[in-house]
Amino acid sequence: MTRVEFTVLGVPAPQGSKRHVGRGVLVESSKALGPWRDAVAWAARDAALRHGITAPLDGPLRLRVEFRFPMPNARPK
């Protein structure tokens, strides 16, 4: 089994809602979503290339995601 790991630094952006602007066009309401998606995609592509993966993976796959956030200042002591 090939194991591919990568890290994306930054604050994850929420999906949010979409806004219909006409003619079947939807616009994301979160301006941070596009850059966050791009950062994740580029990190994944870079990791795949480092492992010699050039085609989409097929068959059974397992995904593990870990998010780390700074502790909020208002957390209970």
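So, how was this worked out
- Residues numbered from 1 in each chain as written.
- Predicted model: local features only at pLDDT ≥ 70, side-chain atom pairs only at ≥ 80, totals over all residues.
- Heavy atoms only, no water.
- Helix = DSSP H or I, 4+ residues; strand = E, 2+ residues; numbered from the N terminus.
- Rg over C-alpha atoms; globule rule 2.2 N^0.38 Å.
- Buried < 20%, exposed > 50% of the residue type's maximum accessible area, 1.4 Å probe, protein only.
- Contact = heavy atoms within 4.5 Å.
- Pairing = 2+ DSSP bridges.
- Salt bridge = Lys/Arg side-chain N within 4 Å of Asp/Glu carboxyl O.

Once that is clear, we can look at the overall build of the protein chain. For the protein chain, the helix and strand inventory stands at one helix and two strands. Along the protein chain, helices and strands appear, N-terminal first, in the series β-β-α. Against the compact-globule benchmark of 11 Å for 77 residues, the protein chain has a radius of gyration of 17 Å, which places it well outside the compact range. Seen through its C-alpha atoms, the protein chain measures out along the principal axes to roughly 50 × 40 × 20 Å. For the protein chain, the proportion of its 77 residues judged to be buried stands at 10%. Long-range pairs, those at least 24 residues apart, make up 53% of the contacts in the protein chain with a sequence separation of at least 6.

Before going further, it helps to examine the pairing of strand 1 (residues 18-22). In terms of strand pairing, strand 1 meets strand 2 (residues 25-28) through four bridges, oriented antiparallel. Residue pairing for strand 2: Gly22 is matched across the bridge by Val25. Between strand 1 and strand 2, which pair antiparallel and follow one another directly, the connecting turn spans two residues, one of which, Arg23, has a positive phi of 55°.

Right, let's talk about the pattern of salt bridges for a bit. As enumerated under the stated definition, the model contains six salt bridges in all. Taking the shortest distance from any N to any O, the salt bridge between Glu5 and Arg3 comes out at 2.6 Å. With a shortest N-O distance of 3.8 Å, Glu28 and Arg37 are connected by a salt bridge. Overall, the relative accessible area of 27% leaves Glu28 in the partly exposed class. Through salt bridges with shared partners, one network takes in Lys18, Glu28 and Arg37.

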